[in-house]
Amino acid sequence: MSIELRNISKRFGDVAAVQNVSFKVAEGELVALLGPSGGGKTTVLRMIAGLEQPTEGDILIRGQRVNDVSVQKRNIGFVFQGYALFKTMSVADNIAFGLKIKKWPQAEINDRVAELLKLFGLDGLGKRFPHQLSGGQRQRVAIARSLAPKPSVLLLDEPFGAVDAKIRQELRDWLVHLHDELSVTTVFVTHDQEEAMEVSNRIVIFSRGNLEQIGAPQEVYERPSNEFVARFIGVLNVLELRVEHGVARLHELTFPTHGVAEGSNLRIGFRPYAVQISPDLSEYRYRATLKHVYFLGVQLRLELETPSGLTLRTRITKDEFVRLGLAEDKEISFQIREYRVLSRDGFALSPEVSAVHQLPSIAENI
Amino acid sequence: MAGTTQKRWTSGQAKSRRGTEDPWYIRWILIGVAALFAGVFLILPLANVFGQAFAKGWQTAFGSLTDPDTIAATKLTALATLISVPLNTVFGVAAAWLIAKFEFRGKAVLTTLIDLPFSVSPVVTGLVYVLLFGLRGYFGPWLDRHDIQIIFAVPGIVLATIFVTFPFVARELIPLMQAQGSDQEQAALTLGATGWQTFWHVTLPSIKWGLLYGVILCTARAVGEFGAVSVVSGHITGITDTLPLRIEKLDKEYNSVAAFSIAALLAVLALLTLGLKTWLEHRQQRELDLAQTSSDSPDEH
């Protein structure tokens, strides 16, 4: 079922938790609300559920304004951060709770519970109590319970926050499959950008109560609308340049001025993959030492340190690393293939203006 | 978890004396002092109560319990208890719910007020009621005109008992409900439950042992209350005497067998309470442990 937020604001006393946020979630979509803690994303989720009331603005579910509809009547499924399972009830009773409240006939309740236990891989655990389950099992019970009364919208608050890394990966895959199968409109909150990128169709990025950007994972990664988004989604190298003698400069690194006046500042950013490196010291324009190498599996994360002490981050595949004969503390040459102007004179630029700038790949002086 | 680690640690150290362990004679002196103290101040008086009660045989002891005035006192104590305990249970649950699950102005004041009966002397409590409802009190003349008697009558005794036993249930539930948080209740709401259904099916089952514990303590105090009741009762034999007041009166009349027989009855009640309390404490600790094993400690299994 589609969800729409129109100019939603929420204040807790003097604190503005959410400021003038508007966005739409289409029927059947899987959307992530992403942002650092305190960004307002959980508050937005709770307002959709009806657990909080917006101070201003309208919430619409399938085109109907639901501001005055109570949480009980909104027909949503909500999965809490700590799962909030009923501790005095068995797994089966937890799942059956919403159905009993809605006065389903007992036989149908039994069928529905059995069906969900099977679907969620909880066969044979119906009689257990929450404290007898593992973290992953608890999470599945929580989702099964919220889906039992067939809600039109599924809302999850940090669904993978409380389980360890390995199970988290399994649960992510599992949530994607589940969503494919049930195609219920799903909104989940996360502070983990990787999780958001991997699981969702679209990402809504929040920071300090503001909606920063909304878009498909690839879109927000490749075309971040501002510096916050660029830094939050993936790694971004940021340089604060100063225009002197016709070039924008930070130590040995120089860039075009982009029309910035002499003596003013220019801020640029670039992704790790935009940094090209070579063991051949004459191949690229700048020199650096390979300070740290972090193994992430197929990919390696490298930290370069220039002679003037600047630290830049880049990524390289393991095969490439071996082929180039690289090692920690080795001298290399590098260049920055492309970058984006983030701000001029302290003013942030709109995405159109801060288009990606390519640098010539030969080692020449600007 | 903590238990097993500690156990393992102790058994590993069993042969050599631990650095924090005192020499044997200090241990035995401390144990001896504690045992002597408990013996002189707790066990001896308790044994004496039963000894005195049965000094003239079983018949006399039980006979003195069936004395009409004593039966009247038993009934009054039962009445005061049966009114004050349910009222304070309802109030205690409501207050604990309010304090544990909501943020509001004046929360600290309410929390302090709940503790007030613990800090005020029962005799002062009694005097306050006399000052309010007695013939010369603020509401006395009005009550007198409408022919309502509170002081030196049953209503006064019930009021005094309610006041004195006011904090027990609430005090027991507040920390438990605070530890449990309100996530489960919110989950019930999202599943369509009304506030009442949520309370009945989710909140109450998760606090039941703590609640029962509070009710037991509340009952014990209601049955045994002397000070406040003594001030407002007026000691009218057969009408406004509760069991503790009856004991005092019989004792003053040198009827020690009768006095001690009732005392023995109260002592049996106290011992039962103590047993129940110990068992409930165990159950309640489990409840609290469950509240604290939140889902963020996934894999103990």
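For the structure, check the block above.
Keep in mind that this is a model prediction, so the values were computed, not measured.

Student: Can you help me understand a nonpolar patch on the surface in this one?
Tutor: Residue and element names in this part refer to chain B. Together, Trp24, Tyr25, Ile26, Trp28, Ile29, Leu30, Ile31 and Val33 give the surface a local cluster of nonpolar side chains, amounting to about 890 Å² of exposed area. Looking at the secondary structure, you find Ile26 in helix H2 (residues 24-53). You can call Ile26 partly exposed: its relative accessible area is 32%.

Student: Would you take a moment to explain the interface of chain B and chain A for this structure?
Tutor: Interface size, as often reported, equals the accessible area lost upon joining of the parts. Facing the 28 residues of chain B at the interface are 31 residues of chain A. The junction of chain B with chain A conceals about 2,500 Å² of combined surface from both sides, 60% of it contributed by carbon and sulfur atoms. Between the two partners, chain B and chain A, sit zero salt bridges. Between the two partners, chain B and chain A, sit four residue pairs in polar contact (both at pLDDT 80 or more). Of all the elements in the fold, those that place two or more residues in the side of chain B that touches chain A are helix H10 (183-190), helix H11 (195-224) and helix H14 (256-292) of chain B. The biggest single contributor to the side of chain B that touches chain A is H10 of chain B, with seven residues.

Student: What should I look at first to understand the sheet that holds strand E4 (residues 56-61) of chain A in this one?
Tutor: Residues and elements named next belong to chain A. Spatially, four strands are ordered E2-E1-E4-E5 in an open sheet, and the strand pairing comes out antiparallel. Because the sheet does not close on itself, it has two edges, and the strands there are strand E2 (15-25) and strand E5 (64-65). Where E4 lies against E5, two bridges are found, and the strand directions are antiparallel. When the sheet's bridge partners are listed, Leu60 is paired in E5 with Arg65. The sheet strands contacting helix H1 (residues 41-49) are strand E1 (3-12), E2 and E4, and the helix crosses E1 at an angle near 115°.

Student: When you look at the packing of aromatic side chains in this model, what are you seeing that I'm missing?
Tutor: Remark: the centre distance and the inter-plane angle together describe each pair of aromatic rings, the angle taken between the planes. Residue and element names in this part refer to chain B. This structure, assessed with the given rule, holds 20 aromatic pairs over all chains. Considering the side-chain rings of Tyr129 and Phe133, the 6.0 Å spacing of their centres and the 20° angle between planes classify their relative orientation as stacked. Here Tyr129 and its partner Phe133 are both found in helix H6 (residues 122-133), four residues apart, which amounts to about one turn of the helix. Ring centres 5.7 Å apart and planes at 20° place the aromatic pair Trp196 and Trp200 in the stacked group. Here the residue Trp196 and the residue Trp200 both occupy positions in helix H11, the gap between them amounting to four residues, near one helical turn. Ring pairs connect the aromatic residues Trp97, Trp196, Phe199 and Trp200, which therefore count as one cluster.

Student: Is there a simple way to explain the sheet that holds strand E3 (residues 30-34) of chain A in this structure?
Tutor: Strand pairing in a sheet is mediated by backbone hydrogen bonds. Such pairs are either parallel or antiparallel. Residues and elements named next belong to chain A. Overall, mixed pairing links the six strands, which are arranged E6-E7-E8-E3-E9-E10 in an open sheet. Since the sheet does not close on itself, it has two edges, and those belong to strand E6 (76-79) and strand E10 (210-215), each with one partner. Along the sheet, successive strands turn relative to each other by an average axial angle of 15°, direction set aside. Bridge analysis of strand E7 (residues 153-157) against strand E8 (residues 185-190) gives five bridges, and the strand direction is parallel. Along E8, the bridge assignment pairs Leu156 with Phe188.

Thresholds, definitions, all that
Residues numbered from 1 in each chain as written. Chains lettered and ligands numbered in written order. Predicted model: local features only at pLDDT ≥ 70, side-chain atom pairs only at ≥ 80, totals over all residues. Heavy atoms only, no water. Patch = residues over 30% accessible without salt bridge, like charges linked within 9 Å, V, L, I, M, F, W, Y side chains within 5 Å. Areas by Shrake-Rupley, 256 points an atom, 1.4 Å probe, with all protein chains shown as cover. Salt bridge = Lys/Arg side-chain N within 4 Å of Asp/Glu carboxyl O. Helix = DSSP H or I, 4+ residues; strand = E, 2+ residues; numbered from the N terminus. Buried < 20%, exposed > 50% of the residue type's maximum accessible area, 1.4 Å probe, protein only. Contact = heavy atoms within 4.5 Å. Buried area = accessible area lost by both parts, 1.4 Å probe. Polar contact = N/O pair within 3.5 Å; in protein donor to acceptor, adjacent residues only side chain to side chain. Pairing = 2+ DSSP bridges. Axes fitted to C-alpha atoms, helices over the stretch in contact; angles between N-to-C directions. Phe/Tyr/Trp six-rings, centres within 6.5 Å; stacked < 30°, edge-to-face > 60°.

Purely geometric numbers; function is a separate question.
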